[in-house]
Amino acid sequence: MTLLALVYGLLLLLVLGGVWKLWQRPPDVTLTRTLPAQGFAGGTLPLNVRLHLRARLPTRVVLEDPAPLTVVPAAQLSAGGLVWGEGQLSFSTELALNRRGIYRWTGTTLRWADPFGLFWHSLKLDVPSQIEVYPGTHGLRLPRLLRPLLSEGELSRTHGLDDPISLRGARPYVPGDPPGRIHWRLSARHAGSGAGESGAGELTVRELERTASSSLHLHLDTSGNEVYLESAVRLAASLIHEALELSLPVAVSDNVGATPSGSTPGALRLALRKLAEAQATPGTAISGTGAVIPPPRPGSNLIVLTQNAGPELLTQALRARGRASRVVIVALPEGFYLEPGENPRRQWVGLPESVRELERKAGVLSSAGVLVYVLRGNMSVLRLG
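Remember, predicted model here, so these are calculated numbers, not experimental data.

A. Broad picture of the overall build of the protein. Helices and strands together make up the secondary structure of the protein, namely nine helices and 17 strands. At a minimum sequence separation of 6, the contacts of the protein that also span at least 24 residues come to 74%.

B. Spatial organisation of the environment of Val49. Following the sequence through the fold, Val49 ends up in strand β3 (residues 44–64). Each C-alpha atom, one on Val49 and one on Asp65, is 9.9 Å from the other, the two residues being 16 residues apart in sequence. For Val49, the contacting residues outside a window of four places in its chain are Leu31, Thr32, Arg33, Leu77, Leu89, Ser90 and Phe91.

C. Up close: the pattern of salt bridges. Scanning the entire structure with this criterion turns up 13 salt bridges. Between Asp65 and Arg33 there is a salt bridge; the shortest N-O distance is 2.9 Å. Pair noted here: Asp65 is in the loop between β3 and β4 (71–73) and Arg33 is in strand β1 (residues 28–34), with a separation of 32 residues, a long-range link. An identical accessibility class is assigned to Asp65 and Arg33; each is buried. In this structure, the salt-bridge partner of Arg376 is Glu334, at a minimum N-O distance of 2.6 Å. Separated by 42 residues along the polypeptide, Arg376 in the segment after β17 (370–374) and Glu334 in the loop between β16 (326–331) and α8 (353–360) bring together distant segments of the chain.

D. Representation of a nonpolar patch on the surface within the structure. On the surface, Leu3, Leu4, Leu6, Val7, Tyr8, Leu10, Leu11, Leu13 and Leu14 cluster together to form a nonpolar patch covering roughly 960 Å² of accessible area. Mapped onto the secondary structure, Leu11 falls in helix α1 (residues 2–22). Residue classification places Leu11 among the partly exposed positions, given a relative accessible area of 46%.

E. Quick peek at the packing of helix α4 (residues 226–245) against helix α5 (residues 265–277). The contact between α4 and α5 brings their axes to 10 Å, and the two run at 165°. For the element pair α4 / α5, the angle class is roughly antiparallel. Both α4 and α5 take part in a crossing whose hand is left-handed. Here Val233, Ala236, Ala237, Ile240 and Leu244 of α4 lie close against α5, whose contacting residues are Leu268, Ala271, Leu272 and Leu275. Per-class residue counts for the contact of α4 with α5 are nine nonpolar, no polar and no charged.

F. Broad picture of the packing of aromatic side chains. Counted according to the given criterion, the structure contains one aromatic pair. Ring geometry for Phe40 against Tyr134: centres 5.6 Å apart, planes inclined by 70°, an arrangement best described as edge-to-face. Linking Phe40 in strand β2 (residues 38–40) with Tyr134 in strand β9 (residues 129–134), this pair joins segments that are 94 residues apart in sequence. In this structure, Arg111 is placed above the aromatic ring of Trp120, and the distance from its NZ or CZ to the ring centre is 4.9 Å.

G. Structural detail: the pairing of strand β14 (residues 250–253). Residues Val250 and Val252 of β14 are buried on one face, and the alternating residues Ala251 and Ser253, pointing to the opposite face, are buried as well. Examined bridge by bridge, strand β13 (residues 216–220) and β14 share four bridges and lie parallel to one another. Bridge pairing links His219 to Ser253 in β14. Following the chain from β13 across α4 to the adjacent parallel β14, one finds a crossover that is right-handed.

H. The nonpolar core, seen in detail. Membership of the largest hydrophobic core comes to 36 residues, with the highest contact counts inside it found for Leu220, Leu235, Leu275, Leu305 and Val330. Residue assignment for this core shows that the elements contributing at least two residues are β13, α4, β14, α5, β15 (301–306) and β16. Among the elements that take part in this core, α4 stands out by supplying 10 residues, more than any other. Sequence-distant contacts of Leu235, that is, excluding residues within four places in its chain, are made with His138, Leu140, Leu305, Val330, Tyr337, Val381 and Leu384. Grouped together as the second largest cluster of nonpolar side chains are 26 residues, Leu45, Val49, Ala79 and Trp105 included.

I. Looking closely at the pairing of strand β6 (residues 101–105). Among the five residues in β6, four count as buried, and that is most of the element. Pairing between β6 and β9: five bridges, direction antiparallel. Within β9, the residue paired with Ile102 across the bridge is Glu132.

J. Region of interest: the sheet that holds β9. Taken in spatial order, the three strands line up as β2-β9-β6 in an open sheet, and their pairing is mixed. Edge positions in the sheet fall to β2 and β6, since each has one partner strand and no second. Strand-to-strand twist across the sheet, computed as the mean angle between neighbouring axes with direction ignored, equals 25°.

K. Structural view of the sheet that holds β13. Strand order across the open sheet formed by five strands is β14-β13-β15-β16-β17, with parallel pairing between neighbours. Across the chains shown, the open sheet's two edge strands, defined by having one partner strand only, are β14 and β17. Neighbour-to-neighbour, the strand axes of this sheet turn through a mean angle of 15°, independent of strand direction. This element, helix α7 (residues 311–320), spans β15, β16 and β17 of the sheet and lies at about 155° to β16.

Conventions and cut-offs
- Per chain, the residues get numbers from 1 upward, laid out in the order the sequence is written.
- Thresholds applied to this predicted model are a pLDDT of at least 70 for local features of residues and 80 or more for the giving and counting of side-chain atom pairs; totals over whole chains, interfaces and linings are not thresholded and use all residues.
- Remark: hydrogens and water are excluded; side-chain values derive from all non-hydrogen atoms of the structure.
- Counting from the N terminus, the helices are DSSP H or I runs at least four residues long and the strands are E runs at least two residues long.
- Contact between two residues is taken to exist if any of their heavy atoms lie within 4.5 Å; hydrogens are not considered.
- Each salt bridge in this description consists of a side-chain nitrogen of Lys or Arg and a carboxyl oxygen of Asp or Glu lying within 4 Å of one another.
- Relative accessibility decides the category of a residue: with a 1.4 Å probe and only protein chains considered, values under 20% of the type maximum give buried, values over 50% give exposed, and everything between is partly exposed.
- Residues forming no salt bridge and having over 30% relative accessible area are the ones grouped into patches, like charges within 9 Å of each other and nonpolar side chains (Val, Leu, Ile, Met, Phe, Trp, Tyr) within 5 Å.
- Exposure was quantified through the Shrake-Rupley algorithm and a 1.4 Å probe, taking into account, for residues, occlusion by the shown protein chains and nothing else.
- In this description, a line fitted to the C-alpha atoms serves as the axis of each element, helices being fitted only across the stretch in contact, and the angle between N-to-C directions of two axes falls anywhere from 0 to 180 degrees.
- The labels follow the angle: roughly parallel below 35 degrees, roughly antiparallel above 145, roughly perpendicular from 65 to 115, and oblique for the rest.
- Each crossing gets its handedness from the near helix: less than a right angle anticlockwise from the far helix is left-handed, clockwise is right-handed.
- Nonpolar residues are Ala, Val, Leu, Ile, Met, Phe, Trp, Tyr, Cys and Pro. Charged residues are Asp, Glu, Lys and Arg, and all others, Gly as well, are polar.
- We call Phe, Tyr and Trp rings a pair once their centres come within 6.5 Å, taking the six-membered ring for Trp, and we label the pair stacked below 30 degrees between planes, edge-to-face above 60, and tilted otherwise.
- Two conditions define a charge located above a ring, namely a distance within 6 Å from the ring centre to NZ of Lys or CZ of Arg, and an angle within 35 degrees of the ring normal.
- Any two strands with at least two DSSP-identified bridges between them are counted as paired.
- Orient the strands so they point away from the viewer, and a crossover whose first-strand-to-second-strand path over the helix runs clockwise is right-handed.
- Residues belong to a common nonpolar core when they are buried Ala, Val, Leu, Ile, Met, Phe, Trp, Tyr or Cys residues joined through side-chain atoms within 4.5 Å.

So this is what it looks like as structure tokens:
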């Protein structure tokens, strides 16, 4: 009896060893995800998955493909069953994009076993996908903030800034005309021709063509807290949306660097990607290494979003004014503002001293071409317009 049991035990071990050996090799698996590479927080993206399996032996298979955190599918892909030969599976769902960021999808796991489920094996599949989730946007009414006509673009007779190299005509001088626009040669000619009649000529000024707006530069000061940064990137994304509606090339910068100015899909993607990847650096405001504003494109409209509005930022904004047509500083001292549709909140604290100082200097800054807006937590973003 003992010998028989030993024989049966050896046979069982041989069978188990054979099962383990035969099903050690994984089945052939091809998984393909089809989804858009970009989306906005608060939106959804369609996801389609195709799975192709081929197993030379009857094999139990379980495949799990969890989505990255904060990218939530309406239905989670988790397929399983007995496969022998070839099999295919199609799966479709929607992804809810809950938070901005750059997400890499690499978590696919294949588990397989013999038909009896005695020995399970596991393998990570390399199925890379990447989703760029940009900050959500909201409606704005910003004619004063985005529609100032800057220093380049198509010629216009009625709107925009003067183009100093284009002469449309000449007219008599009227009080208030800039002295630099006086056409001295033509005025002298008129003076010579009019001296015999009245003994005096009249001044003549040049009438110039004007040029229309074509550039927006957004600078995101990241030396604030997380609450501020989330509000600031949503405002920045909304400003970009408004600028593109006006066909303005856009550049975005932060404390690290700037994206190239442009209105092409590539330039837009780089600008939104910078907003998606932005990280708060609250310690830099205290240490004095806060916002570093890169030189804006000549003639652009520079909009600076900040929470602290320290003296270094003001210095850099004034320096940038030498290249920009206009500079606008938007301060968010509480870190947030009322987006369209939100109800006002009571405020229990006053403005920080840096923002109070900014408000005291607003008049002087305005005369230098730097406008100041302060958005508190009980104020609507629509007040910017």
